[in-house]
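Residue-level listing of the chains:
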Amino acid sequence: QRSLLILEKYLIQKTNKVLTVSEGIANEYVRLYNIEKPVLILNCPPYEITEKHDLFRREFNIPDDHLIFLYQGGLSSGRGLPQLLDAFEEINDQSKHLIVMGYGELGAKVKEYEHENRNIHYKAAVKPTELLEWTSSADIGFLTYENTCLNHYYCLPNKLFEYLMAGLPVVVSNLHELSRIIRNYNLGWVLEDNTAENIKALIESIKKDDLISFQ
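Residues numbered from 1 in each chain as written. Predicted model: local features only at pLDDT ≥ 70, side-chain atom pairs only at ≥ 80, totals over all residues. Heavy atoms only, no water.

Trainee: Explanation requested: the sheet that holds strand 8 (residues 188-190) in the structure shown.
Mentor: Strand pairing within a sheet occurs via backbone hydrogen bonds; the two strands may be parallel or antiparallel. Spatial strand order, 5-4-3-6-7-8: six strands in an open sheet with parallel pairing. Looking at strand neighbours, the two that pair on one side only are strand 5 (120-123) and strand 8, the edges of this open sheet. Strand after strand, the sheet turns through a mean of 20 degrees between neighbouring axes, direction not considered. Of the pairings in the sheet, the one linking strand 6 (residues 140-143) to strand 7 (residues 170-172) comprises three bridges and is parallel in character. Bridge pairing in strand 7 places Leu143 opposite Val172. Across the face of the sheet, helix 4 (residues 81-90) comes into contact with strand 3 (67-72), strand 4 (96-101), strand 5 and strand 6 while running at roughly 150 degrees to strand 4. Set on the sheet, helix 10 (residues 196-205) makes contact with strand 3, strand 4, strand 6, strand 7 and strand 8; between it and strand 4 the angle comes to about 120 degrees. (Pairing = 2+ DSSP bridges. Helix = DSSP H or I, 4+ residues; strand = E, 2+ residues; numbered from the N terminus. Axes fitted to C-alpha atoms, helices over the stretch in contact; angles between N-to-C directions. Contact = heavy atoms within 4.5 Å.)

Next comes the structure, spelled out in structure tokens:
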């Protein structure tokens with residue numbers, strides 16, 4: 001890793017312009033390499049007007065008055081998925097559902113939880129052209145990256161903007177960039193930490209009427 005940092009420090013001085021995807025990463029490059037502040041190009045997908053759909057309720061027979069929480073993306077370690085699964089398994093309110101949509105190494109684990117819990121559902125990844133229709137079929141999105149590296153600490157993934165474009169408020173980890181965006185623009189909730197107990201407490205505190213303030 002040290003050799004990569006040395007190489008990056010040398011090469012970054014040879015560029016005409018540096019581009020990056022978040023304010024935090026840009027400031028970190030300035031601090032590390034004493035360069036002009038990079039230009040920001042956020043991980044925003046092309047804007048689409050997205051109507052509300054109800055695909056999850058139809059596929060999983062979820063009642064209209066139940067809340068649907070969506071984890072969308074790679075089913076891999078470091079993203080808080082095991083804690084989400086534990087939280088929804090332990091929750092007392094079975095009107096709160098977790099949809100896990102995507103693929104990856106934790107796919108088998110998700111299917112095990114689905115088999116044992118009526119409020120946990122697995123949905124395979126869909127085509128990019130269909131994604132926002134499915135995303136808009138949920139009520140609340142999850143982005144629970146763990147603070148394991150600077151890449152996570154300063155991340156602003158495209159999933160955040162997909163959730164927002166689909167009209168979903170978002171629950172995020174207490175990481176620098178994610179928490180700043182959510183708090184500054186009142187776009188959802190920030191977890192104090194990523195434990196199953198803390199996630200469970202937040203989920204149980206959210207009511208369907210709370211969504212009105214984000215519309």
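Alright, that's what it looks like, and here's the rest.
Trainee: Please clarify how the side chain of Lys96 should be interpreted in this entry.
Mentor: Mapped onto the secondary structure, Lys96 falls in strand 4. With a relative accessible area of 3%, Lys96 lands in the buried category. Within the local environment of Lys96, its side chain forms a polar contact with the backbone oxygen of Ile203, the two atoms lying 2.8 Å apart. For Lys96, the contacting residues outside a window of four places in its chain are Leu67, Phe69, Phe88, Ile91, Asn119, Ile203, Glu204 and Ile206. (Buried < 20%, exposed > 50% of the residue type's maximum accessible area, 1.4 Å probe, protein only. Polar contact = N/O pair within 3.5 Å; in protein donor to acceptor, adjacent residues only side chain to side chain.)

Trainee: Hey, could you run me through helix 9 (residues 176-185) in this one?
Mentor: Since one α-helical turn is 3.6 residues long, residues separated by three or four positions face the same way. Where helix 9 is concerned, the buried positions are Glu177, Leu178, Ser179, Ile181 and Ile182. Looking at the buried positions of helix 9, the neighbouring elements they touch are helix 2 (23-33), strand 6, helix 7 (150-153), helix 8 (158-165), strand 7 and strand 8. Within two residues after helix 9, Asn186 carries a phi angle of roughly 50 degrees, on the positive side.

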